[in-house]
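Residue strings, one per chain:
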Amino acid sequence: MIDLPFFDDRHRQLSPALSDLGRELAPLAERGEAGDVDAAGVEALKVFAGRGLCRHLVPREHGGEGLELRTLCLIREAAAGFSALADSVFAVQGLGSYPLSLGAAPDMARTYFGDVAGGDAVAAFALTEPDAGSDVSSIATSARRDGDRYAIDGTKVFISNATIATFFVVFARTAPGNKRALSAFVVDAGTPGLTIEPMTVSAPHPIGRLRFNGCMVPAVNRIGDEGDGMRVALGTLDFFRTSVGAAACGIAARALDESRRRAISRQQFGSRLADFQLTQAALADMATELDAARLLVARAAHKRDAATEKAAGAPARVSTEAAMAKMFATESAQRAVDEAVQICGGLGVMRGHPVEKLYREVRALRIYEGATEVQKIVIARDLLK
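Residues numbered from 1 in each chain as written. Predicted model: local features only at pLDDT ≥ 70, side-chain atom pairs only at ≥ 80, totals over all residues. Heavy atoms only, no water.

(A) Quick look at the overall build of the protein chain. Scanning the protein chain from N- to C-terminus turns up 12 helices and 10 strands. Taken over C-alpha atoms, the radius of gyration comes to 21 Å for the protein chain, in line with the 21 Å a tight globule of 385 residues would show. Along the first, second and third principal axes, the C-alpha set of the protein chain runs to 80 × 45 × 40 Å. Here the protein chain holds 385 residues, and 55% of them are scored as buried. Look at the contacts in the protein chain between residues 6 or more apart in sequence, and 72% of them connect residues 24 or more apart. By element, 53% of the accessible surface of the protein chain is carried by carbon and sulfur atoms, the whole surface being about 16,400 Å². Averaging the locations of the 45 positively and 47 negatively charged side chains of the protein chain gives two centres separated by 3 Å. (Helix = DSSP H or I, 4+ residues; strand = E, 2+ residues; numbered from the N terminus. Rg over C-alpha atoms; globule rule 2.2 N^0.38 Å. Buried < 20%, exposed > 50% of the residue type's maximum accessible area, 1.4 Å probe, protein only. Contact = heavy atoms within 4.5 Å. Areas by Shrake-Rupley, 256 points an atom, 1.4 Å probe, with all protein chains shown as cover. Lys, Arg positive; Asp, Glu negative; His and termini not counted. Charge placed at Lys NZ, Arg CZ, Asp CG, Glu CD.)

Shown next as structure tokens:
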């Protein structure tokens, strides 16, 4: 992706930090597969921090390299093909800390961002609930004002980084009955009244359920004003959604590489698989869709960065381009991985084979941060304005 015209010399300076990133992340993926998920996730974050990559999740005014979407996409593509676990932990480090840039008190933002940049803190984004996924307005978790604190009650599910996080950005309703009266709060992992329970999903991941039972949080930990939660949540998701497409490109690229190598080495009926036209057609489709996905991702990221720069650093939204990039990249990555399983045959469904792991890892990308169906609605609404 870095060779596309949407990128410049600033991005190419990242090449040394990204060139052998997979070499360090691949063993951590194996640790996750072996059941040591939390330790692998924490270690992965140290790898990113050690290469200075976590600094790209932090605004310049707080000592980081700045929140630039193209850079984030390059990092995620480089990581995802070797370890979806590591990629996700890194992405959620950004997803969980980005809201601080949208209205947190300066001193609080400075403190948390400093730890995020060094990998000393692990962030998480607590939005999803048992009855509130794509429909954010259905959130039932409540935050009741009690003097200079809020009492938070409710349940969050499928919270990435939950079991390793040191702090969460939690979204809760501050006005009962008002669907848009959501507020965002920073909640430290050790806060009394917060219980964290691990959840198991198909691909190893430090994911869990959060239960809040009279969890008291200082009012100064609120991000922005009461009622700003919807703005903070949607603004954060709008920024990171394109990068999900970049992760999908990383997975699709790995699937294509595994397929190509298998097609060249595997002999059937006296010929290589690569000599059969149907195999060639499959590889051609995979390569073409990968290039198209990269172009959509790069376009959306470049447009977002350019708009933000033009607005003197104020967040700019490119919802339609981000939706197109996320939808096409994740759907085409799913097709690429499925084709890779077909090319690898029996090996492709053997537990632990690279393609089998990709098959489990790619599926969630079509769901989180806005399911494919939601992205289609976003695109269609823009067309029908």
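(B) Just the layout of surface pockets, in detail. Here the second largest pocket defines a volume of roughly 670 Å³. Secondary-structure elements contributing two or more residues to the lining of the second largest pocket are helix H1 (9-12), helix H5 (69-80) and helix H9 (277-310). Considering only residue class, the lining of the second largest pocket consists of 7 nonpolar, 8 polar and 9 charged. (1 Å grid on protein atoms, 1.4 Å probe; cavity = no way out; pocket = protein on both sides within 12 Å on 5 of 7 lines; lining within 4 Å. Points joined across faces, edges and corners; volume = space filled by probe spheres on them. Nonpolar A, V, L, I, M, F, W, Y, C, P; charged D, E, K, R; others polar.)

(C) Inspection of the side chain of Asp238 at higher detail. Structurally, Asp238 can be placed in helix H8 (residues 229-265). Residue Asp238 is classed as buried on the basis of its relative accessible area, which comes to 1%. A polar contact is formed between the side chain of Asp238 and the side chain of Ser319, at a distance of 2.8 Å. (Polar contact = N/O pair within 3.5 Å; in protein donor to acceptor, adjacent residues only side chain to side chain.)

(D) The arrangement of empty space enclosed by the protein in detail. This structure, assessed with the given rule, holds 1 cavity of 30 Å³ or more. Taken as a whole, the largest cavity spans an internal volume of roughly 50 Å³. In terms of lining residues, the largest cavity is bounded by Ala29, Gly32, Glu33, Ser83, Ala84, Leu85, Pro204 and Glu361. Put simply, the parts of the chain that give the lining of the largest cavity at least two residues each are helix H3 (21-33) and helix H6 (84-97).

(E) The pairing of strand E4 (residues 167-173), seen in detail. Counting buried residues along E4, 7 of its 7 residues qualify, which places the element largely inside the surrounding structure. Side chains Phe167, Val169, Phe171 and Arg173 of E4 all project onto a buried face; the interleaved residues Phe168, Val170 and Ala172 project onto the opposite face, where all are buried too. As paired strands, strand E1 (residues 123-126) and E4 are joined by 4 bridges and run parallel to one another. Paired with Ala124 across the bridge in E4 is Phe168. (Pairing = 2+ DSSP bridges.)

(F) Structural view of the pattern of salt bridges. The final tally for this structure, using the stated rule, is 31 salt bridges. In this structure, Glu258 engages Arg254 in a salt bridge whose closest nitrogen and oxygen atoms are separated by 3.0 Å. Of this pair, Glu258 and Arg254 both sit in helix H8, 4 residues apart, roughly one helical turn. With a relative accessible area of 9%, Glu258 lands in the buried category. (Salt bridge = Lys/Arg side-chain N within 4 Å of Asp/Glu carboxyl O.)

(G) Highlighting unusual backbone geometry. Despite not being glycine, Phe158 shows a phi value in the positive range, around 55°. By the element assignment, Phe158 lies in strand E3 (residues 149-160).

(H) Structural detail: the packing of aromatic side chains. Applying the stated criterion across every chain, the model contains 7 aromatic pairs. Measuring from centroid to centroid gives 5.6 Å for Tyr98 and Phe240, while their planes differ by 90°, and the two rings are edge-to-face. Here the residue Tyr98 occupies a position in the loop between H6 and helix H7 (106-118), and Phe240 occupies one in helix H8, the gap between them amounting to 142 residues. Neither residue differs from the other here; Tyr98 and Phe240 are each classed as buried. For the pair Phe125 and Phe171, a centre-to-centre distance of 5.1 Å together with 65° between the ring planes defines the contact as edge-to-face. With a gap of 46 residues between them, Phe125 in strand E1 and Phe171 in strand E4 connect regions that are remote in the sequence. Here Phe125 matches Phe171 in class, with each residue buried. (Phe/Tyr/Trp six-rings, centres within 6.5 Å; stacked < 30°, edge-to-face > 60°.)

(I) Layout of the packing of H8 against H9. Contact pair H8 / H9: the axes reach a minimum separation of 9 Å and the direction vectors enclose 160°. Judged by the angle between their axes, H8 and H9 are roughly antiparallel. For the element pair H8 and H9, the recorded crossing hand is left-handed. A class-by-class count of the residues in the contact of H8 with H9 yields 16 nonpolar, 4 polar and 4 charged. (Axes fitted to C-alpha atoms, helices over the stretch in contact; angles between N-to-C directions. Parallel < 35°, antiparallel > 145°, perpendicular 65-115°, else oblique. Left-handed = near helix turned anticlockwise from the far one by under 90°.)

All quantities given are derived from atomic positions and should not be read as evidence of function.
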